Amino acid sequence: MDVVLVGGLWLDGSAWERVVPELAALGHRPVPVTLPGQGDGNGAATLDDQLDAVLAAVDAAEGKVLVVGHSAACGLAWLAADRRPERVAKLALVGGVPVADGEPYADFFAVRDGAMPFPGWEPFAGPESDDLGEEGRRALAAAAVPVPEGVARGTVRLTDVRRYDIPVLVVCPEFSPAQAREWIAAGDVPELPLAKHLDYADIDAGHWPMFTQPAALARVLAEAADTAG
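Summary of the structure given here.

Details of the pairing of strand β2 (residues 29-33)
Argument step 1. Summarising the sheet, strand β1 (residues 2-6) and β2 pair through 5 bridges and their orientation is parallel. From the neighbouring strand, Val 3 faces β2, where its bridge partner is Pro 30.

Quick notes on the packing of aromatic side chains
Argument step 1. This structure, assessed with the given rule, holds 12 aromatic pairs.
Argument step 2. Measuring from ring centre to ring centre gives 5.2 Å for Trp 10 and Phe 118, while their planes differ by 85°; the resulting arrangement is edge-to-face. A residue pair is termed long-range when its members are at least 10 positions apart, and Trp 10 in the loop between β1 and α1 (19-25) and Phe 118 in the loop between β5 (115-116) and α4 (133-143) qualify at 108 residues. The two residues Trp 10 and Phe 118 agree in class, both being buried.
Argument step 3. Of the aromatic side chains, those joined through ring pairs into one cluster are Trp 10, Phe 108, Phe 109, Phe 118, Trp 121, Phe 124 and Trp 208.

Digging into a negative patch on the surface
Argument step 1. Among the surface-exposed residues, Asp 130, Asp 131, Asp 202 and Asp 204 lie close enough to one another that they form a single negatively charged patch.
Argument step 2. Under the relative-accessibility criterion, Asp 202 is labelled exposed at 52%.

Describing the environment of Met 116
Argument step 1. Looking at where Met 116 falls in the secondary structure, it is placed in strand β5.
Argument step 2. The buried category is assigned to Met 116, whose relative accessible area is 0%.
Argument step 3. Excluding residues that lie within four positions of it along the chain, Met 116 makes contacts with Leu 9, Trp 10, Ala 106, Phe 108, Phe 109, Ala 110, Val 111, Pro 146, Val 147 and Ala 152.

Concerning helix α3 (residues 74-83)
Argument step 1. The buried fraction of α3 is high, at 9 of 10 residues.
Argument step 2. Within the span of α3, buried status applies to Cys 74, Gly 75, Leu 76, Ala 77, Trp 78, Leu 79, Ala 80, Ala 81 and Asp 82.
Argument step 3. Where α3 is buried, its residues contact β1, α2 (47-60), β3 (65-70), β4 (88-94) and β7 (168-172).

What counts and how
Residues numbered from 1 in each chain as written. Predicted model: local features only at pLDDT ≥ 70, side-chain atom pairs only at ≥ 80, totals over all residues. Heavy atoms only, no water. Pairing = 2+ DSSP bridges. Helix = DSSP H or I, 4+ residues; strand = E, 2+ residues; numbered from the N terminus. Phe/Tyr/Trp six-rings, centres within 6.5 Å; stacked < 30°, edge-to-face > 60°. Buried < 20%, exposed > 50% of the residue type's maximum accessible area, 1.4 Å probe, protein only. Patch = residues over 30% accessible without salt bridge, like charges linked within 9 Å, V, L, I, M, F, W, Y side chains within 5 Å. Areas by Shrake-Rupley, 256 points an atom, 1.4 Å probe, with all protein chains shown as cover. Salt bridge = Lys/Arg side-chain N within 4 Å of Asp/Glu carboxyl O. Lys, Arg positive; Asp, Glu negative; His and termini not counted. Charge placed at Lys NZ, Arg CZ, Asp CG, Glu CD. Contact = heavy atoms within 4.5 Å.

Written as structure tokens, this is what we have:
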């Protein structure tokens, strides 16, 4: 199965380079997406542009796909399911959750000169980043691509309730499946309580398992693809 890999804020398609060979060795076809505005130099990119790039990868596949969203890009994966419910066999949401209709995509940090730069490590101190180590944090920050304002502050528009029929795997790195269940049950994640098929997978990692636990992440994703309809 084609596995469309969509990285979160500040990441380009190379973020998946350690996962790609592991996933391929497990019999699937990894398709890392470099999002407009995050690696192609397009500072004017919008959320719609990024969604179009994900949909292009979905449409290019021979059959149904597993769409993997990481962090904020769980919102992009959810949007792809909303636009292509007949093409997405399953969703894997890594370290993040979907955004509700009408909400901004990722308006989390300050925007300067038309883009939202990486804010430094203070907001991610603790379990989110401890496993990266000093060298890993330095490398990630150096490679981070400022996210265009038109992406970060773009408005999410969801239109097709068939997205709720698509099986969803919530991959839990810096938080546990028990915590995720609590947030969903409490109504903190408006979209996921409506999903008809919801499972969880635990990974002993921080917020960026594609860097620190690529083999473990690949195994989780391969199993998700193996069990996708």
